[in-house]
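As a plain string of letters, each chain reads:
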Amino acid sequence: MASIRKRKTRYGIVYTVLYDYVDETGVRRQKSAGTFHEKIKAEQEKATIELKMLKNQFVIPNGKTVKEYFENWIPVRARTKGWAYSRLQSAASLLKAHIYPEIGNLPLQKVTPFVIEQLFISLRTKKSDKTGDYLSGSTLGGIYELLKPGFQDAVRTRQLEENPVQIAKPERDTEETAFWTLEMLTIALDNIQDKLLHLLVHTAATSTSREGETTAFTWDCINWEKGTVKVDKTLQRVAKEAIELLSDRDIIRVFPSKVKNSKSILVLKKVKTKKSKREIYITPNLLKELRYRQQQVAKNRAYYGEEYHDYDLVFCLDNGDPIEPKLCEKWFVKWQAQSGLDLPNITFHGLRHTGTTILYRLSRGDVKTVQGFTGHASAKVLMDTYNHTLADSEKGLAKKLADSLYMDSEQETKENQFDDLVESIKKDPLLKQRILNALNTH
C-alpha cells in the first residue's frame, strides 16, 4: 500500500507519498510518487495509488526500454498467436529497421501518445534504404499493427497506464498489383523460349498459385487422370532464429545450406492455412507440358546419377536442387527486359493476379468457384455441402480457361493449314479439279 512521510526542510514542511511494490526479480522495494507542500494533495495522491492497486491498475515501475520490451514481447506474441515464419521475420525486420532506431532506447514508461505521433511523422518522411522511396502505406500499417497490440499488452501486464498508440491506422497504398490480360498472357507464352521458365509462368498463371506454392509442387501432387494438381506445400527461406522460436511441426523438409554460416535455411513446409490447401483443375495444355517436364527430369536424373539430389520436385535445377521463389522472379524480370514485347512489366507474383482476374471474368464473377482455385483466405465462408458442385464448376472453369487461352493459337494453325491448301491448289491443276468434283458430288 501507500504511505505519507512528513519532513521538515528549510523551505517548510513537505509530504512525500511512498508506495511499496515487488519488482520483476521478486524483491520488495519502495518508491516515491511525489512530494507535496500541502497535506491534502499528498492524501489525494495516496488515495489514487491505493485505489489503482485495489483495481490491479497500478503500473509497476521498471527501467525497460522499448527495445528490451519488444525483444521479450515478440517471441511470446508469435507463439500465442501461431504466427507463420514469414510473419515473425517481417515483424523482426520492421522493429530493427524502423522502430528501434527511433524510440528503441526510450524508457517504455516514457512513451506517450505524443511520442507515437512524432514517430509516425518521422517515418512518413523516411526513405527506404533498398528502394530510395518513402515508406509505403503498407509498411507504416505493418508498424502500426505491431505497436498497438504490443503496447496494449504492456497495459494488460501493468507496465503502462494507457496505450500510447491512439492515432488512426495509416491507410494502405491504393496502387494495385500490375497484371496481364488474357491476350497479354497468350503473347508471353507464345514468346518464352526457355522451357523451364515457360512452364513456371504457365503454371503460376493458370493455377493462380503463389511463388512458393508453385516451386513446391512435387510429382505426387499431380493427378494425371483427373487433370488436377494438389496445392499443399510451399517453399520458403526461413531465418534459423524464427525456427528456434516457433514450432517446426509444419516443416516437411530442410534443404542443405549452400552458404557457410548462413542465418537462414530453405524449407519445404505445409501451406499456411486450411483454405490455402486445395486441389485445382489444370488445363490439358499445362498437363501436356508437365508430362514433357517429367521426361526431362528423368533424363537429368540419369545424367547426374548419384550426384542428382532427388527431392521429387517438379521445378528444380538440373541437379535436382530446389528453385527458390526469388530466382523465379529474377528469371522472369530478366526475360521481360530482353523480350522486346510491348507488355507491361509485372512481378512473378503478378501472374497469380493475372490468373485470378482472368478466371473471375470467365466465371462472370463467381467468387466461390474462383476461390477454389486461388485458396484466398479472405473469401466468404464456403459450406461443405457445396463441395461437389464447386468441383464441377472448377473443372468447367478450367476448360473455359483452356478454350480462351489456346483458342488463338489453334485458330492460327487452322488458318495456316488453309493457306497451305490454297497454295497447293494453285500449283496443282489436277488437285483443283479433284476438289471441285468432290464438292459438286456433295
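Relevant structure appears above.
Read on for a plain summary of the structure.

**What about the packing of helix H7 (residues 195–207) against helix H12 (residues 350–362)?**
Alright, step 1. Axis separation between H7 and H12 bottoms out at 6 Å; the angle between their running directions is 45 degrees. On the basis of their axis angle, the class for H7 and H12 is oblique. Helix-helix and strand crossings are classified by hand; for H7 and H12 the assignment is right-handed. Counting all contacts with H7, which are made through Val201, Ala204 and Ala205, the residues of H12 involved are Leu351, Arg352 and Gly355.

**Comments concerning the sheet that holds strand E1 (residues 2–9)**
Alright, step 1. Across the sheet, which stays open at both edges, the 3 strands sit in the order E1-E2-E3 with antiparallel pairing between neighbours. The sheet is open, and its two borders are formed by E1 and strand E3 (28–36), each paired with just one other strand. Each strand axis lies, on average, 30 degrees off the axis of its neighbour in the sheet, ignoring direction.
Alright, step 2. Looking at chain direction, strand E2 (residues 12–22) and E3 are connected through 8 bridges and run antiparallel.

**With respect to the environment of Glu145**
Alright, step 1. The residue Glu145 is located in helix H5 (residues 137–156) in this model.
Alright, step 2. For the pair Glu145 and Lys169, spaced 24 residues apart in sequence, the C-alpha to C-alpha distance is 8.1 Å.
Alright, step 3. Look past the residues within four positions of Glu145 in its chain and what remains in contact with it is Lys169 and Arg172.

**Here we look at the sheet that holds strand E6 (residues 233–239)**
Alright, step 1. Overall, antiparallel pairing links the 3 strands, which are arranged E6-E8-E7 in an open sheet. Looking at strand neighbours, the two that pair on one side only are E6 and strand E7 (251–254), the edges of this open sheet. Going from strand to strand, the sheet's axes swing by 30 degrees on average, the running direction of each strand aside.
Alright, step 2. Across 3 bridges, the pairing between E7 and strand E8 (residues 264–270) is antiparallel.

**Quick look at the nonpolar core**
Alright, step 1. The biggest cluster of nonpolar side chains holds 49 residues, and the ones touching the most others in it are Trp180, Val201, Phe315, Phe332, Phe348 and Leu351.
Alright, step 2. The set of elements that each furnish at least two residues to this core consists of helix H6 (182–191), H7, strand E5 (228–231), E8, helix H10 (284–304), helix H11 (325–339), H12 and helix H14 (387–427).
Alright, step 3. Counting residues per element, this core draws most heavily on H7, at 7 residues.
Alright, step 4. Counting residues in each nonpolar core, the second largest holds 39 residues, with Tyr85, Leu123, Ala242 and Ile251 among its members.

**Regarding a positive patch on the surface**
Alright, step 1. Together, Lys230, Arg249, Lys270 and Lys277 give the surface a local cluster of positive charge.
Alright, step 2. Checked against the element boundaries, Lys270 lands in strand E8.

**What to know about the packing of H7 against H10**
Packed helices, taken two at a time, are described by their axes: the angle between them and the distance between them.
Alright, step 1. Put simply, H7 and H10 touch, their axes get as near as 11 Å, and they point 145 degrees apart. For the pair H7 and H10, the crossing hand works out as left-handed. Residue-level contacts link Lys195, Leu196, His198, Leu199, His202, Thr203 and Thr206 of H7 to Asn285, Leu286, Glu289, Leu290, Tyr292 and Arg293 of H10.
Alright, step 2. Classifying every residue of the contact of H7 with H10 gives 5 nonpolar, 5 polar and 3 charged.

**A look at H7**
Alright, step 1. Under the 1.5 Å per step criterion, the end-to-end length of H7 is 18 Å for 13 residues, consistent within 8% with the ideal 18 Å.
Alright, step 2. Counting buried residues along H7, 12 of its 13 residues qualify, which places the element largely inside the surrounding structure.
Alright, step 3. Restricting attention to buried positions, one finds in H7 the residues Leu196, Leu197, His198, Leu199, Leu200, Val201, His202, Thr203, Ala204, Ala205, Thr206 and Ser207.
Alright, step 4. Where H7 begins, the capping side chain belongs to Asp194, and its oxygen is found 3.2 Å from the backbone nitrogen of Leu196.

**Looking at the pattern of salt bridges**
Alright, step 1. Tallying each qualifying case throughout the model produces 14 salt bridges.
Alright, step 2. Close ionic contact of Asp20 with Arg28 constitutes a salt bridge, the shortest N to O distance being 3.9 Å.
Alright, step 3. Its salt-bridge partner being Arg237, residue Glu324 comes within 2.7 Å of it at the nearest N-O pair. You can see Glu324 sitting in the loop between H10 and H11 and its partner Arg237 sitting in strand E6, a full 87 residues away along the chain.
Alright, step 4. The exposure class assigned to Arg237 is partly exposed, which follows from its relative accessible area of 31%.
Alright, step 5. Because the salt bridges share partners, they merge into one network encompassing Arg77, Asp153 and Arg156.

Thresholds applied
- Residues numbered from 1 in each chain as written.
- Predicted model: local features only at pLDDT ≥ 70, side-chain atom pairs only at ≥ 80, totals over all residues.
- Heavy atoms only, no water.
- Axes fitted to C-alpha atoms, helices over the stretch in contact; angles between N-to-C directions.
- Helix = DSSP H or I, 4+ residues; strand = E, 2+ residues; numbered from the N terminus.
- Parallel < 35°, antiparallel > 145°, perpendicular 65-115°, else oblique.
- Left-handed = near helix turned anticlockwise from the far one by under 90°.
- Contact = heavy atoms within 4.5 Å.
- Pairing = 2+ DSSP bridges.
- Core = buried A, V, L, I, M, F, W, Y, C linked by side-chain atoms within 4.5 Å.
- Buried < 20%, exposed > 50% of the residue type's maximum accessible area, 1.4 Å probe, protein only.
- Patch = residues over 30% accessible without salt bridge, like charges linked within 9 Å, V, L, I, M, F, W, Y side chains within 5 Å.
- Areas by Shrake-Rupley, 256 points an atom, 1.4 Å probe, with all protein chains shown as cover.
- Salt bridge = Lys/Arg side-chain N within 4 Å of Asp/Glu carboxyl O.
- Lys, Arg positive; Asp, Glu negative; His and termini not counted.
- Charge placed at Lys NZ, Arg CZ, Asp CG, Glu CD.
- Nonpolar A, V, L, I, M, F, W, Y, C, P; charged D, E, K, R; others polar.
- Expected span 1.5 Å × (residues − 1).
- Polar contact = N/O pair within 3.5 Å; in protein donor to acceptor, adjacent residues only side chain to side chain.

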